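Commentary on secondary and tertiary structure
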2 protein chains.
Amino acid sequence: MAQSVLRQSIRSINPLRGNLRPVLPIIARSFGTSTFKMSEFKQADHKLLVIPGPIEFSDPVLLANATPGTAHTSPAFIPVFGESLKLLRKVLLSTEESGSQPILLAGSGTLGWDAVGVNLVERGDEVVVLNTGYFGDSFAECLEIYGAKVNQVKAEVGNIPTDEAIISALSSKPKIITITHVDTSTGVLSPAAHIASLVKKHSPDTLIVLDAVCSVASEEIKFDEWGLDVVISATQKGLGVPPGLSVVLASKRAVEVSENRKTPQQGYYISWKKWIPIMKNYEAGKPSYFATPPVQLIYALNTSLKSIVSKPISERVEAHKAASKYIKDELSAIGLDFVPKSRDIAANGMTAVRFPKGLQAPDVLPKLAERDIVVAAGLHKAIVTEYFRIGHMGVTAVDRQRGDLEKVIKGIKEVLGKN
Amino acid sequence: MAQSVLRQSIRSINPLRGNLRPVLPIIARSFGTSTFKMSEFKQADHKLLVIPGPIEFSDPVLLANATPGTAHTSPAFIPVFGESLKLLRKVLLSTEESGSQPILLAGSGTLGWDAVGVNLVERGDEVVVLNTGYFGDSFAECLEIYGAKVNQVKAEVGNIPTDEAIISALSSKPKIITITHVDTSTGVLSPAAHIASLVKKHSPDTLIVLDAVCSVASEEIKFDEWGLDVVISATQKGLGVPPGLSVVLASKRAVEVSENRKTPQQGYYISWKKWIPIMKNYEAGKPSYFATPPVQLIYALNTSLKSIVSKPISERVEAHKAASKYIKDELSAIGLDFVPKSRDIAANGMTAVRFPKGLQAPDVLPKLAERDIVVAAGLHKAIVTEYFRIGHMGVTAVDRQRGDLEKVIKGIKEVLGKN
């Protein structure tokens with residue numbers, strides 16, 4: 001062991017290339033301390049994780065998740081948290097001047113639904129939920145718990161609601177409309193910019209909530225330009241960070257609606273009234289406490305966000321489009337069909353692909369796992385046995401030198417006897 | 001660098017001793033994969049973190065937090081999650097036969113308060129909150145949001161409520177009574193066993209909720225024997241795992257109360273109705289999904305729990321008592337006083353100690369930080385400038401060879417000119 005460690009150590013490498021596979025030792029910054037330290041970290045060998053989240057994580061991100069015990073109010077941590085909030089705005093193409101408010105909390109993406117219910121919904125409020133799959137059903141169920149009168153505009157499986165149906169739903173001037181940007185149960189990508197423009201035209205006071213759990217940092221999102229009010233997400237997908245962080249960006253207008261509500265917030269832990277002053281303090285570099293933030297996950301997020309913004313976001317979106325095109329073209333070429341009705345409403349960070357006739361998940365997924373490739377089974381009840389899901393977000397899409405995409409296609413071809 | 005890595009590698013060491021400082025390379029199991037891999041991990045140099053949480057983490061725990069991307073439904077992860085649930089019961093001296101239900105969620109300790117509000121409180125329910133500091137106030141505020149009629153039984157700062165006051169509050173047979181086991185704002189340890197016995201005698205149907213955020217795995221808790229109904233906690237204190245996990249154990253009786261409520265659960269993400277089937281599936285080794293669990297934190301928790309249960313829990317509690325006695329005796333010897341009125345109601349995992357007359361946090365804490373020792377300032381508003389707080393939980397208390405406690409005392413003596 002000692003000899004191999006020595007050999008590895010000698011092959012020094014640029015830290016920015018830590019995503020490369022095979023991954024060589026990197027010079028890692030010692031977070032949580034005022035000094036820098038040489039450290040060596042290479043994540044354990046493992047099966048290639050290509051599901052629609054969690055995804056593959058880079059070594060620097062995982063190393064940041066192993067940051068030593070650090071106080072949530074320490075001078076080392078405060079600027080890291082503050083910078084992460086600023087970088088999140090940058091990834092979503094929003095500006096501080098717009099008054100948008102990033103909120104990072106321990107929780108899963110699902111907690112973002114409750115954040116909408118707790119902070120924006122008052123009993124009896126009308127909410128339109130555009131439903132493109134499982135996650136629309138669940139978001140609707142969540143908001144109803146908080147007293148929303150939900151009007152679901154459902155598309156058939158693999159499709160999106162029509163403009164006519166959306167415009168009709170807007171005629172009652174609902175308080176909120178929700179869009180599942182990418183429904184991971186169907187792989188359908190909703191045209192968020194277009195839908196936002198419909199809302200601006202037909203019901204401009206309606207708050208636009210984008211469930212972007214499976215789209216932040218993998219699909220195009222222009223928060224300010226599109227006039228979005230809430231983006232909710234999580235870390236384990238396009239952001240490339242282990243799960244455990246609820247990610248929210250709220251517009252000035254949404255924050256004002258939450259502040260001016262007539263009834264109290266319907267929860268404590270996810271009350272923006274509690275958290276926004278804390279987030280503002282972190283961003284201003286001041287210590288502050290409401291509940292303990294997940295310090296290590298914030299370090300990991302900070303590491304990933306810095307890598308993401310090191311290039312224009314548009315380049316990252318293009319890289320995901322190219323990855324998606326490669327996967328879908330290759331699957332098409334061997335005769336496979338997709339769940340989304342057409343390419344222009346198919347996600348770029350994942351692919352929901354139908355099994356060849358006669359095959360189901362137990363025929364395919366274990367054989368892929370034998371080849372160290374982990375994809376996901378179906379999720380949407382109506383078609384659950386008929387398809388599987390491939391994730392291609394983060395390093396898998398952006399760092400093509402890893403060869404993840406080629407490995408997946410090769411594996412699928414072998415298992416289906418198409419090579 | 002290569003040479004030093006080589007030297008370190010040659011000094012091989014038993015993985016169980018990974019907590020030792022200086023920390024030597026360890027042979028780490030590669031989680032999330034079917035193979036084992038030699039890996040080397042040593043956390044970065046950093047200031048000694050001795051606040052009442054987050055605490056110092058062991059190298060194996062941090063390495064587990066850097067587990068590669070792993071699916072939340074994978075055959076690698078399911079048994080790790082399932083075992084963690086079982087081990088949590090063991091740490092709290094509960095049995096599967098009792099029907100107690102462990103619940104692990106992405107969130108902070110505070111989310112546990114909401115879990116009580118969402119699942120157990122119905123509008124108009126009477127709840128008695130025993131208040132020994134800041135966290136009693138906040139727990140009461142949280143439960144009121146969910147419609148509880150809260151009767152706070154307050155003790156003066158540094159003290160606990162009298163038996164008479166508790167018995168009087170129980171006379172109306174409240175649905176729930178809450179106890180802050182250790183209020184980290186005062187360092188007061190509530191006599192949970194004794195209070196539970198009062199409840200059993202005077203209002204046996206009252207559910208007993210123990211806020212054990214700062215006591216699980218550092219103070220004695222006998223879930224089954226004391227007849228507790230809910231223990232809520234977090235990972236970054238006695239459990240020795242980075243923050244980001246809400247830890248709950250609910251009795252069979254508490255689960256039944258949540259199931260038999262007349263009104264729906266008042267939240268979605270923390271609804272036990274949603275999560276309990278998932279937890280049961282994980283414990284039974286079956287894949288299951290409601291929201292994505294924080295996979296890496298569960299690996300880290302699993303690593304810490306296995307280390308904790310490798311010895312009897314009583315030994316761990318005794319180690320914390322011994323650490324506490326050492327710190328308090330040393331501070332007493334240099335003439336310092338404590339916030340808790342007497343030693344028998346002082347926490348064993350932390351110490352709230354008053355500054356010498358004329359000194360405040362800015363006179364002391366920065367000088368300790370210069371010596372690489374991070375303690376916490378005061379938190380309770382009534383006395384906030386008068387005291388500071390030292391944490392001595394987890395490896396700092398249990399692994400005395402680290403010398404953490406001696407370093408803290410030496411630093412304090414130097415800064416106060418008492419050496």
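Residues numbered from 1 in each chain as written. Chains lettered and ligands numbered in written order. Predicted model: local features only at pLDDT ≥ 70, side-chain atom pairs only at ≥ 80, totals over all residues. Heavy atoms only, no water.

1. Brief notes about the environment of K341 of chain B
- Along the chain, K341 of chain B falls in the loop between α12 (313-333) and β11 (350-354).
- Not counting chain neighbours up to four residues away, the residues in contact with K341 of chain B comprise E156, V157, G158 and N159 of chain B. (Helix = DSSP H or I, 4+ residues; strand = E, 2+ residues; numbered from the N terminus. Contact = heavy atoms within 4.5 Å.)

2. Here's the deal with the sheet that holds strand β13 (residues 376-377) of chain B
All names here are of chain B.
- Strand order in the open sheet formed by 3 strands is β11-β14-β13, with antiparallel pairing between adjacent strands. Taken across any chain shown, the strands that pair with only one partner, and hence form the sheet edges, are β11 and β13.
- Taken together, the 2 bridges between β13 and strand β14 (residues 387-391) define a ladder with antiparallel strand orientation. When the bridges of β14 are listed, A376 appears paired with R389.
- Strands in contact with α12 are β11 and β14; relative to β11, the strand with the most contacts, it is inclined by about 10°. (Pairing = 2+ DSSP bridges. Axes fitted to C-alpha atoms, helices over the stretch in contact; angles between N-to-C directions.)

3. Here's the deal with the sheet that holds strand β10 (residues 245-250) of chain A
All names here are of chain A.
- Ordered by their spatial adjacency, 7 strands build an open sheet running β2-β10-β9-β8-β5-β3-β4, and the pairing between neighbours is mixed. Edge positions in the sheet fall to β2 (101-106) and β4 (149-154), since each has one partner strand and no second. Sheet twist, expressed as the average angle between the axes of neighbouring strands with direction ignored, equals 20°.
- Bridging between strand β3 (residues 126-131) and strand β5 (residues 176-180) involves 4 bridges; their strand directions are parallel. Following the sheet pairing, L130 is matched in β5 by I179.
- Sitting on the sheet, helix α7 (residues 192-202) touches β3, β5 and β8 (207-211), and the angle it makes with β8 is about 165°.

4. Some details on the UniProt feature "domain: Aminotransferase class V" (unreviewed entry) in chain A
- In the numbering used here, UniProt assigns the feature "domain: Aminotransferase class V" (unreviewed entry) to residues 106-387 of chain A.
- The distance separating the terminal C-alpha atoms of residues 106-387 of chain A is 32 Å; by composition the span is 39% helix and 17% strand. (UniProt positions renumbered as here; feature names shortened; annotations may be inferred.)

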